[in-house]
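A closer look at the structure
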Amino acid sequence: MANLKEVRERITSVISTQQITKAMKMVSAAKLRKAQGSIQQLRPYSEKLNSMLSNILSSLGSDASTSFGQARKVQKACIVLVTSNRGLCGAFNTNLVKTAVQLVEGKYAAQRAAGELSILFIGKKGYDYFRRRYTDIHFVADHLALFDDLAFDNTARVSNKLMKAFESKQYDSIDIVYAQFRNAAMQNFVAEPFLPVAKMEPAAGASGKKMRADFLFEPDRESLLENLVPTILQTQFHKTLLDTHASEHGARMTAMDKASENAEELLKELRINYNKARQEAITKELAEIVGGAASLGG
């Protein structure tokens, strides 16, 4: 059994660590409330806009004058990987990286083999993982610090960059890997197509034939699509970042809460060991005293 000094030092170390984890939990809880409010306000608006965009492009079909809904053969692809800048949030970043790896080695394996796969990183953890393990992928690391300021103007600059790259055929397909916030203890790690815009299947009419909606555009179709589509895509991109931001704080709060509980369990065990060691030391001292007295008496 360890001596009293070693056990005391370990108890002090665990108490110090527990204070840190409790403080980090409180900080993450405060940040989570703000981040959760932001994503809950934006999500219904973003989902409705995205549904409307898909519906319009599906109804227009080949008549759509925007290039964002035109699918083409995927020769050059880009994955946007959204992770956090910091750790201590459980398996949060690991799950995001795993989702991205599935795309790299599955859906875009051919593009990777041809040297036509790029990954745009938002957050340092994803970049740190891929740069050590993959040398045949083009990395875009200009926006690692975007999480430091998630103002719409800042995120819109990145989404505009992606839209221009798609229009200029620098990329034929763009997917986003991010975490969907559900609650503090649950996040969904997903990969969603960003461009081209996914189209909705037309609803079937009474005769069983698919019906095509007839939209009236004001002022005109070209002007509406020119202004509406980029705005919706910017909002959708902004939502993915807010989702991941809230998910990060939820994951960190949960991880720090669990770490604090584990520290408490460890402290109980260490205190029991400390008391046992202390009792053994006292018993040994008493035995030496009694033995010494007996030898003097003899």
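Here, every reference points to the structure presented above.
Here we summarise the structure given alongside this text.

Reading the values: the criteria
Residues numbered from 1 in each chain as written. Predicted model: local features only at pLDDT ≥ 70, side-chain atom pairs only at ≥ 80, totals over all residues. Heavy atoms only, no water. Helix = DSSP H or I, 4+ residues; strand = E, 2+ residues; numbered from the N terminus. Buried < 20%, exposed > 50% of the residue type's maximum accessible area, 1.4 Å probe, protein only. Pairing = 2+ DSSP bridges. Axes fitted to C-alpha atoms, helices over the stretch in contact; angles between N-to-C directions. Contact = heavy atoms within 4.5 Å. Phe/Tyr/Trp six-rings, centres within 6.5 Å; stacked < 30°, edge-to-face > 60°. Lys NZ or Arg CZ within 6 Å of the ring centre and 35° of its normal. Core = buried A, V, L, I, M, F, W, Y, C linked by side-chain atoms within 4.5 Å. Salt bridge = Lys/Arg side-chain N within 4 Å of Asp/Glu carboxyl O. Patch = residues over 30% accessible without salt bridge, like charges linked within 9 Å, V, L, I, M, F, W, Y side chains within 5 Å. Areas by Shrake-Rupley, 256 points an atom, 1.4 Å probe, with all protein chains shown as cover.

What follows concerns the environment of Asp 148. Residue placement: Asp 148 occurs in the loop between strand 3 (138-140) and helix 5 (152-167). By relative accessible area, Asp 148 is classed as exposed at 57%. It is 8.9 Å that separates the C-alpha atoms of Asp 148 and Asn 85, two residues lying 63 residues apart in sequence.

This part takes up the sheet that holds strand 5 (residues 186-195). Pairing between the strands of a sheet is mediated by backbone hydrogen bonds and can be parallel or antiparallel. The strand order across the open sheet formed by five strands is 3-2-1-4-5, and the pairing between neighbours is mixed. Pairing within the sheet leaves two strands with one partner each, and these edge strands are strand 3 and strand 5. Direction aside, neighbouring strands of the sheet carry axes that sit 25° apart on average. With five bridges connecting them, strand 1 (residues 77-82) and strand 4 (residues 173-183) associate as parallel partners. The residue bridging Ile 79 from the neighbouring strand is Asp 175, located in strand 4. Each of strand 1, strand 2 (117-122), strand 4 and strand 5 touches helix 2 (residues 92-107); the most contacted strand, strand 4, lies at about 150° to it. Contacts between helix 4 (residues 124-133) and the sheet are confined to strand 1, strand 2 and strand 3, with strand 2 contributing the most and set at about 145° to the helix.

What follows deals with the packing of aromatic side chains. If you walk through the whole model with that rule in mind, you get eight aromatic pairs. The positively charged end of Arg 72 is found above the aromatic ring belonging to Phe 166, 4.3 Å away from the centroid.

Attention now goes to the nonpolar core. Counting 43 residues, the largest nonpolar core has Val 80, Ile 174, Leu 195, Leu 233 and Phe 237 as the members making the most contacts within it. Looking at this core, the elements that each hand over two or more residues are helix 1 (4-60), strand 1, strand 2, helix 5, strand 4, strand 5 and helix 6 (221-297). No other element matches helix 6, which puts 10 residues into this core. Setting aside anything within four residues of it in sequence, one finds Leu 233 in contact with Leu 53, Phe 68, Met 163, Phe 194, Leu 195 and Val 197. Counting 22 residues, the second largest nonpolar core, distinct from the first, contains Ile 79, Val 101, Ile 137 and Leu 144.

Okay, the pattern of salt bridges next. Evaluated as defined, the whole model comprises 10 salt bridges. Among the salt bridges present, the one from Arg 43 reaches Asp 243, with a minimum N-O distance of 2.6 Å. On the criterion of sequence distance, the pair formed by Arg 43 in helix 1 and Asp 243 in helix 6 is long-range, its members being 200 residues apart. By relative accessible area, which is 18% here, Arg 43 ends up buried. A relative accessible area of 0% means that Asp 243 is categorised as buried. Among the ionic pairs, Lys 161 bridges to Asp 142, the shortest N-O distance being 3.5 Å. Of the two residues, Lys 161 is situated in helix 5 and Asp 142 in the loop between strand 3 and helix 5; the sequence distance between them amounts to 19 residues.

A cluster of nonpolar residues, Ile 282, Leu 286 and Ile 289, forms a patch on the protein surface that exposes about 290 Å² of accessible area. For Leu 286, the location among the structural elements is in helix 6.

From the geometry alone we can't say anything about function, so treat these as descriptive.
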